[in-house]
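The lines below spell out each chain.
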Amino acid sequence: MSTFNEGEPRQRLLKPVSGEKRVTVMLAAFEGWNDAGEAASDALKRLHTLWGAKRVAVVEPDEYYDFQFTRPEVRFTSTGGRKIKWPLTKIARTSIPGADVDVILVHGIEPSYRWRAYTAELLAKAAELNVNYIILVGSLLADVPHSRPIPVTATCDDEELAEGLGLEQSQYEGPVGIVGILNEVALLAGLPTVSLWAAVPHYVAQAPSPKAELALLNRIEDFLGVPLDLQELSDDAQAWERGVNDLAGGDPEIASYVRQLEESKDTAELPEASGESIAKEFERYLRRRGHEQS
(Lines give C-alpha, C1' and ligand atoms only; values in the text may rest on other atoms or scores of the structure.)
Protein backbone atom coordinates (compact mmCIF):
# COMPACT_ATOMS: atom_id res chain seq x y z
CA MET A 1 0.00 0.00 0.00
CA SER A 2 1.36 3.40 -1.00
CA THR A 3 1.75 6.13 1.60
CA PHE A 4 0.72 9.77 1.11
CA ASN A 5 1.52 12.96 2.96
CA GLU A 6 -1.47 15.16 3.67
CA GLY A 7 -1.46 18.21 1.42
CA GLU A 8 0.96 16.59 -1.00
CA PRO A 9 -0.30 17.00 -4.60
CA ARG A 10 -1.51 13.87 -6.30
CA GLN A 11 0.76 12.71 -9.12
CA ARG A 12 -1.25 12.28 -12.27
CA LEU A 13 -0.82 9.11 -14.25
CA LEU A 14 -0.55 10.81 -17.64
CA LYS A 15 2.66 12.87 -17.87
CA PRO A 16 3.73 15.64 -20.28
CA VAL A 17 5.68 14.37 -23.24
CA SER A 18 9.40 15.08 -23.43
CA GLY A 19 10.23 18.76 -23.71
CA GLU A 20 6.73 20.02 -22.84
CA LYS A 21 5.58 21.59 -19.58
CA ARG A 22 1.86 20.89 -20.02
CA VAL A 23 -0.07 17.78 -20.95
CA THR A 24 -3.09 17.86 -23.26
CA VAL A 25 -5.61 15.05 -22.87
CA MET A 26 -8.60 14.44 -25.11
CA LEU A 27 -11.62 12.89 -23.35
CA ALA A 28 -14.23 11.44 -25.71
CA ALA A 29 -17.66 9.86 -25.20
CA PHE A 30 -20.44 9.07 -27.64
CA GLU A 31 -24.14 8.58 -27.08
CA GLY A 32 -25.71 5.39 -28.33
CA TRP A 33 -24.36 1.84 -28.30
CA ASN A 34 -21.29 2.81 -26.22
CA ASP A 35 -23.27 4.66 -23.54
CA ALA A 36 -25.34 2.37 -21.30
CA GLY A 37 -27.39 4.41 -18.84
CA GLU A 38 -25.87 7.50 -20.52
CA ALA A 39 -23.15 7.27 -17.89
CA ALA A 40 -20.28 8.10 -20.26
CA SER A 41 -21.89 11.08 -21.98
CA ASP A 42 -23.21 12.41 -18.66
CA ALA A 43 -19.69 12.21 -17.23
CA LEU A 44 -18.35 14.41 -20.01
CA LYS A 45 -21.24 16.85 -19.73
CA ARG A 46 -20.48 17.21 -16.02
CA LEU A 47 -16.79 17.88 -16.70
CA HIS A 48 -17.77 20.47 -19.30
CA THR A 49 -19.79 22.30 -16.66
CA LEU A 50 -17.28 21.85 -13.80
CA TRP A 51 -14.39 23.22 -15.84
CA GLY A 52 -16.27 25.83 -17.87
CA ALA A 53 -15.04 24.39 -21.17
CA LYS A 54 -15.43 26.50 -24.31
CA ARG A 55 -16.30 25.09 -27.70
CA VAL A 56 -13.45 25.32 -30.19
CA ALA A 57 -14.68 23.14 -33.06
CA VAL A 58 -17.44 20.83 -34.28
CA VAL A 59 -17.73 17.89 -36.63
CA GLU A 60 -20.61 18.71 -38.97
CA PRO A 61 -23.22 15.93 -39.17
CA ASP A 62 -24.26 15.85 -42.84
CA GLU A 63 -21.74 13.23 -43.97
CA TYR A 64 -22.10 10.94 -40.98
CA TYR A 65 -25.73 10.61 -39.86
CA ASP A 66 -29.01 9.18 -41.05
CA PHE A 67 -31.34 11.98 -39.99
CA GLN A 68 -34.32 9.60 -40.07
CA PHE A 69 -32.59 7.65 -37.30
CA THR A 70 -30.75 10.46 -35.47
CA ARG A 71 -33.26 13.23 -35.97
CA PRO A 72 -32.54 16.95 -35.61
CA GLU A 73 -34.63 18.69 -32.96
CA VAL A 74 -36.43 22.02 -32.87
CA ARG A 75 -35.83 24.06 -29.72
CA PHE A 76 -36.99 27.44 -28.49
CA THR A 77 -34.26 30.03 -27.93
CA SER A 78 -33.96 32.38 -24.95
CA THR A 79 -35.59 35.11 -27.06
CA GLY A 80 -38.60 32.97 -27.93
CA GLY A 81 -37.47 32.09 -31.42
CA ARG A 82 -37.06 28.61 -32.85
CA LYS A 83 -33.80 26.90 -33.73
CA ILE A 84 -32.90 23.55 -35.26
CA LYS A 85 -30.48 21.54 -33.13
CA TRP A 86 -28.37 19.31 -35.36
CA PRO A 87 -26.49 16.23 -34.05
CA LEU A 88 -23.08 17.91 -33.99
CA THR A 89 -19.99 16.37 -32.47
CA LYS A 90 -18.87 19.14 -30.12
CA ILE A 91 -15.22 19.73 -29.28
CA ALA A 92 -14.47 21.98 -26.29
CA ARG A 93 -11.27 23.01 -24.56
CA THR A 94 -10.38 23.97 -21.01
CA SER A 95 -7.30 24.51 -18.88
CA ILE A 96 -7.79 23.01 -15.44
CA PRO A 97 -7.24 25.66 -12.74
CA GLY A 98 -4.16 25.03 -10.60
CA ALA A 99 -2.84 22.25 -12.83
CA ASP A 100 -0.65 22.01 -15.91
CA VAL A 101 -3.31 20.01 -17.71
CA ASP A 102 -5.34 21.05 -20.76
CA VAL A 103 -8.39 18.97 -21.61
CA ILE A 104 -10.20 18.58 -24.92
CA LEU A 105 -13.75 17.29 -24.47
CA VAL A 106 -15.33 15.46 -27.41
CA HIS A 107 -19.03 14.67 -27.12
CA GLY A 108 -21.17 13.36 -29.94
CA ILE A 109 -23.55 10.66 -31.06
CA GLU A 110 -22.29 7.46 -32.61
CA PRO A 111 -22.43 8.15 -36.38
CA SER A 112 -24.43 6.15 -38.89
CA TYR A 113 -21.97 6.29 -41.80
CA ARG A 114 -18.30 6.66 -42.80
CA TRP A 115 -16.71 5.77 -39.49
CA ARG A 116 -13.20 5.79 -40.96
CA ALA A 117 -13.62 9.33 -42.26
CA TYR A 118 -15.26 10.41 -39.00
CA THR A 119 -12.43 9.10 -36.81
CA ALA A 120 -9.85 10.55 -39.20
CA GLU A 121 -11.50 13.96 -38.79
CA LEU A 122 -11.41 13.63 -35.01
CA LEU A 123 -7.72 12.70 -35.06
CA ALA A 124 -6.99 15.66 -37.33
CA LYS A 125 -8.64 17.90 -34.72
CA ALA A 126 -6.54 16.21 -32.04
CA ALA A 127 -3.38 16.99 -33.99
CA GLU A 128 -4.41 20.64 -34.42
CA LEU A 129 -4.98 20.91 -30.66
CA ASN A 130 -1.66 19.23 -29.77
CA VAL A 131 -3.29 16.32 -27.95
CA ASN A 132 -0.79 14.02 -26.18
CA TYR A 133 -3.21 11.34 -24.98
CA ILE A 134 -6.77 10.21 -25.55
CA ILE A 135 -9.06 8.80 -22.86
CA LEU A 136 -12.10 7.08 -24.34
CA VAL A 137 -15.07 6.81 -22.00
CA GLY A 138 -17.82 4.23 -22.39
CA SER A 139 -20.38 2.24 -20.41
CA LEU A 140 -21.90 -1.16 -21.05
CA LEU A 141 -24.62 -3.37 -19.59
CA ALA A 142 -23.33 -6.17 -17.39
CA ASP A 143 -24.30 -8.74 -14.76
CA VAL A 144 -23.21 -6.62 -11.79
CA PRO A 145 -25.16 -5.72 -8.63
CA HIS A 146 -26.21 -2.11 -8.12
CA SER A 147 -25.38 -2.37 -4.41
CA ARG A 148 -21.63 -2.85 -4.90
CA PRO A 149 -18.99 -0.46 -6.33
CA ILE A 150 -19.42 -0.11 -10.08
CA PRO A 151 -16.48 -1.79 -11.85
CA VAL A 152 -14.55 0.33 -14.33
CA THR A 153 -12.22 -1.49 -16.68
CA ALA A 154 -9.18 0.45 -17.90
CA THR A 155 -7.19 -0.89 -20.86
CA CYS A 156 -4.42 0.45 -23.06
CA ASP A 157 -3.10 -1.04 -26.30
CA ASP A 158 -0.03 1.21 -26.45
CA GLU A 159 2.70 -1.04 -25.00
CA GLU A 160 4.86 1.71 -23.49
CA LEU A 161 1.95 3.59 -21.90
CA ALA A 162 0.30 0.37 -20.71
CA GLU A 163 3.50 -0.66 -18.96
CA GLY A 164 3.92 2.76 -17.37
CA LEU A 165 0.33 2.81 -16.09
CA GLY A 166 0.22 -0.84 -15.09
CA LEU A 167 -2.68 -1.52 -17.47
CA GLU A 168 -3.42 -4.53 -19.61
CA GLN A 169 -4.19 -4.56 -23.29
CA SER A 170 -7.78 -5.29 -24.23
CA GLN A 171 -8.55 -8.96 -24.88
CA TYR A 172 -12.02 -8.25 -26.26
CA GLU A 173 -13.16 -9.82 -29.52
CA GLY A 174 -16.57 -9.10 -31.02
CA PRO A 175 -18.72 -6.22 -32.26
CA VAL A 176 -17.45 -2.72 -31.51
CA GLY A 177 -18.87 0.76 -31.50
CA ILE A 178 -17.29 4.04 -32.48
CA VAL A 179 -15.27 4.05 -29.24
CA GLY A 180 -13.52 0.82 -30.26
CA ILE A 181 -12.89 2.10 -33.79
CA LEU A 182 -11.42 5.36 -32.51
CA ASN A 183 -9.16 3.40 -30.17
CA GLU A 184 -7.78 1.33 -33.05
CA VAL A 185 -7.33 4.31 -35.39
CA ALA A 186 -5.56 6.33 -32.67
CA LEU A 187 -3.23 3.39 -32.06
CA LEU A 188 -2.35 3.26 -35.76
CA ALA A 189 -1.72 7.00 -35.67
CA GLY A 190 0.69 6.60 -32.75
CA LEU A 191 -1.50 8.51 -30.29
CA PRO A 192 -1.50 6.76 -26.86
CA THR A 193 -5.04 5.93 -25.81
CA VAL A 194 -6.69 4.62 -22.64
CA SER A 195 -10.20 3.15 -22.67
CA LEU A 196 -12.44 3.33 -19.58
CA TRP A 197 -15.60 1.22 -19.45
CA ALA A 198 -18.09 1.29 -16.59
CA ALA A 199 -20.35 -1.74 -16.05
CA VAL A 200 -23.99 -0.69 -15.61
CA PRO A 201 -26.35 -3.20 -13.95
CA HIS A 202 -28.48 -4.48 -16.81
CA TYR A 203 -31.66 -4.65 -14.74
CA VAL A 204 -31.54 -0.87 -14.14
CA ALA A 205 -30.28 0.17 -17.56
CA GLN A 206 -32.38 3.30 -17.98
CA ALA A 207 -30.76 6.71 -17.73
CA PRO A 208 -29.50 8.36 -15.69
CA SER A 209 -27.00 6.07 -14.00
CA PRO A 210 -25.26 8.35 -11.50
CA LYS A 211 -23.35 5.60 -9.72
CA ALA A 212 -21.69 4.49 -12.98
CA GLU A 213 -21.04 8.12 -13.92
CA LEU A 214 -19.37 8.68 -10.55
CA ALA A 215 -17.19 5.59 -11.00
CA LEU A 216 -16.00 6.85 -14.40
CA LEU A 217 -15.23 10.32 -13.05
CA ASN A 218 -13.25 8.83 -10.16
CA ARG A 219 -11.03 7.01 -12.66
CA ILE A 220 -10.65 10.13 -14.80
CA GLU A 221 -9.65 11.98 -11.63
CA ASP A 222 -6.94 9.38 -11.05
CA PHE A 223 -5.51 9.68 -14.55
CA LEU A 224 -5.49 13.48 -14.61
CA GLY A 225 -4.47 13.91 -10.97
CA VAL A 226 -6.88 16.81 -10.44
CA PRO A 227 -9.61 17.17 -7.80
CA LEU A 228 -13.23 17.03 -8.93
CA ASP A 229 -16.15 18.38 -6.92
CA LEU A 230 -18.42 15.35 -7.06
CA GLN A 231 -20.38 15.71 -3.82
CA GLU A 232 -23.67 16.42 -5.59
CA LEU A 233 -23.17 13.44 -7.89
CA SER A 234 -22.23 11.26 -4.91
CA ASP A 235 -25.50 12.23 -3.23
CA ASP A 236 -27.38 11.40 -6.44
CA ALA A 237 -25.65 8.02 -6.63
CA GLN A 238 -26.65 7.18 -3.06
CA ALA A 239 -30.24 8.23 -3.73
CA TRP A 240 -30.25 6.13 -6.92
CA GLU A 241 -29.03 3.08 -5.00
CA ARG A 242 -31.69 3.55 -2.33
CA GLY A 243 -34.34 3.81 -5.03
CA VAL A 244 -33.19 0.60 -6.71
CA ASN A 245 -33.14 -1.10 -3.30
CA ASP A 246 -36.78 -0.14 -2.81
CA LEU A 247 -37.75 -1.39 -6.27
CA ALA A 248 -35.89 -4.68 -5.81
CA GLY A 249 -37.39 -5.15 -2.36
CA GLY A 250 -40.86 -5.04 -3.87
CA ASP A 251 -40.16 -7.88 -6.30
CA PRO A 252 -38.98 -11.16 -4.70
CA GLU A 253 -37.65 -12.48 -8.01
CA ILE A 254 -35.48 -9.44 -8.63
CA ALA A 255 -34.38 -9.35 -4.99
CA SER A 256 -33.24 -12.98 -5.24
CA TYR A 257 -31.36 -12.26 -8.46
CA VAL A 258 -29.60 -9.26 -6.91
CA ARG A 259 -28.52 -11.40 -3.93
CA GLN A 260 -27.01 -13.93 -6.32
CA LEU A 261 -25.07 -11.19 -8.08
CA GLU A 262 -23.87 -9.81 -4.74
CA GLU A 263 -22.66 -13.22 -3.57
CA SER A 264 -20.87 -13.85 -6.85
CA LYS A 265 -19.25 -10.40 -6.77
CA ASP A 266 -18.15 -10.68 -3.14
CA THR A 267 -16.69 -14.16 -3.66
CA ALA A 268 -14.77 -13.10 -6.75
CA GLU A 269 -13.33 -9.97 -5.16
CA LEU A 270 -12.54 -11.29 -1.67
CA PRO A 271 -8.84 -11.96 -2.51
CA GLU A 272 -8.62 -8.47 -4.03
CA ALA A 273 -9.77 -6.67 -0.89
CA SER A 274 -6.26 -5.35 -0.35
CA GLY A 275 -4.99 -1.89 0.49
CA GLU A 276 -4.95 -0.75 -3.14
CA SER A 277 -8.61 0.29 -3.31
CA ILE A 278 -8.35 1.92 0.13
CA ALA A 279 -5.24 3.80 -1.02
CA LYS A 280 -7.03 5.16 -4.08
CA GLU A 281 -9.94 6.43 -2.02
CA PHE A 282 -7.51 8.03 0.44
CA GLU A 283 -5.69 9.74 -2.41
CA ARG A 284 -8.95 11.21 -3.69
CA TYR A 285 -9.81 12.44 -0.19
CA LEU A 286 -6.45 14.19 0.21
CA ARG A 287 -6.60 15.67 -3.28
CA ARG A 288 -10.07 17.13 -2.76
CA ARG A 289 -9.23 18.36 0.75
CA GLY A 290 -6.11 20.09 -0.53
CA HIS A 291 -8.15 21.71 -3.29
CA GLU A 292 -10.79 22.96 -0.82
CA GLN A 293 -8.14 24.48 1.46
CA SER A 294 -6.19 26.21 -1.33
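See the structure shown above.
### Topic: a negative patch on the surface
Then comes step 1: A contiguous patch of negative charge on the surface is contributed by Asp229, Glu232, Asp235 and Asp236.
Then comes step 2: Note that Glu232 resides in helix 6 (residues 231-249).
Then comes step 3: The exposure class assigned to Glu232 is exposed, which follows from its relative accessible area of 56%.

### Quick word on the packing of helix 5 (residues 210-224) against helix 6
Then comes step 1: Between helix 5 and helix 6, whose axes approach to 8 Å, the crossing angle comes to 140°. On the basis of their axis angle, the class for helix 5 and helix 6 is oblique. For the pair helix 5 and helix 6, the sense of crossing is left-handed. Note on element contacts: helix 6 touches helix 5 through Leu233, Ser234, Asp236, Ala237, Trp240 and Glu241, opposite Pro210, Lys211, Glu213, Leu214 and Leu217.

### As for the pattern of salt bridges
Then comes step 1: What the rule picks out here adds up to 9 salt bridges.
Then comes step 2: In this structure, Asp102 and Arg22 form a salt bridge, with 2.9 Å as the shortest nitrogen-oxygen distance. On the criterion of sequence distance, the pair formed by Asp102 in strand 6 (residues 101-109) and Arg22 in the segment before strand 1 (23-31) is long-range, its members being 80 residues apart.
Then comes step 3: The class for Arg22 is partly exposed, based on a relative accessible area of 32%.
Then comes step 4: In this structure, Arg75 engages Glu73 in a salt bridge whose closest nitrogen and oxygen atoms are separated by 2.5 Å.
Then comes step 5: Of the residues examined, Arg75 reaches a relative accessible area of 41% and is grouped as partly exposed.
Then comes step 6: Glu73 gets classed as partly exposed once you look at its relative accessible area, which sits at 37%.
Then comes step 7: Here the salt bridges do not stand alone but share partners, grouping Arg22, Arg93 and Asp102 into one network.

Calculation criteria
- Residues numbered from 1 in each chain as written.
- Predicted model: local features only at pLDDT ≥ 70, side-chain atom pairs only at ≥ 80, totals over all residues.
- Heavy atoms only, no water.
- Patch = residues over 30% accessible without salt bridge, like charges linked within 9 Å, V, L, I, M, F, W, Y side chains within 5 Å.
- Areas by Shrake-Rupley, 256 points an atom, 1.4 Å probe, with all protein chains shown as cover.
- Salt bridge = Lys/Arg side-chain N within 4 Å of Asp/Glu carboxyl O.
- Lys, Arg positive; Asp, Glu negative; His and termini not counted.
- Charge placed at Lys NZ, Arg CZ, Asp CG, Glu CD.
- Helix = DSSP H or I, 4+ residues; strand = E, 2+ residues; numbered from the N terminus.
- Buried < 20%, exposed > 50% of the residue type's maximum accessible area, 1.4 Å probe, protein only.
- Axes fitted to C-alpha atoms, helices over the stretch in contact; angles between N-to-C directions.
- Parallel < 35°, antiparallel > 145°, perpendicular 65-115°, else oblique.
- Left-handed = near helix turned anticlockwise from the far one by under 90°.
- Contact = heavy atoms within 4.5 Å.

Just geometry here; none of it tells us what the structure is for.
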